[in-house]
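In case you want the letters, here they are:
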Amino acid sequence: MVYRICKRFTVESGHMLSKHPGRCRFPHGHTRTFEIVVSSDRLDANDMVMDFKTLKTAMREEVERFDHAMAIHRDDPLLPDLQRVHPDSVIVFDQDPTTEVLAKTVFEAVAERLYADYGVVLESVRVWETPDSWAEVSR
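All figures in this text were calculated on a predicted structure; none of them were measured in a lab.

Caption draft 1: How the structure looks around the pairing of strand 6 (residues 133-138). Pairing analysis gives six bridges linking strand 5 (residues 121-130) to strand 6, with the strands arranged antiparallel. Bridge pairing in strand 6 links Thr-130 to Ser-133. Linking two consecutive strands that pair antiparallel, namely strand 5 and strand 6, is a turn of two residues.

Caption draft 2: Here's a closer look at unusual backbone geometry. Phi is positive for Asp-47, close to 60 degrees, though the residue is something other than glycine. Assignment of secondary structure puts Asp-47 in the loop between strand 2 (28-40) and helix 1 (52-66). Unlike most non-glycine residues, His-68 shows phi in positive territory, near 55 degrees.

Caption draft 3: Up close: the environment of Val-90. Within the secondary structure, Val-90 is located in strand 4 (residues 90-93). Its relative accessible area of 16% is what places Val-90 among the buried residues. Sequence separation of Val-90 and Ala-109 is 19 residues, and the distance between their C-alpha atoms is 17 Å.

Conventions adopted
Residues numbered from 1 in each chain as written. Predicted model: local features only at pLDDT ≥ 70, side-chain atom pairs only at ≥ 80, totals over all residues. Heavy atoms only, no water. Pairing = 2+ DSSP bridges. Helix = DSSP H or I, 4+ residues; strand = E, 2+ residues; numbered from the N terminus. Buried < 20%, exposed > 50% of the residue type's maximum accessible area, 1.4 Å probe, protein only.

Encoded structure:
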């Protein structure tokens, strides 16, 4: 038997998709919701996969990294200006920072730590770009 829990985190963030043929290549923002699903084949001493508050604490750094930040490709010509003006709010990617890439980035950033520190398996990261559009990465 596998137990799963899910916690949602909402942030305001922007991105620019330099390869996009339409308006998404320009700076724009989204209210993004990150859904984190973790699992375990057994419950802990409190009969939980893990406490939701503990999951929130475990995700804090990654969530804060994206909140009110601009995600941008490393080759975008606006990168130097953005880093000069807002050095603490720019996240640089080797790929266009699509919703799929953001989901993968979060998954890779926390999967190993969640298992090592809490004994839970990160099943999936789903990133909602709009209320009706999302991308997901799963193991």
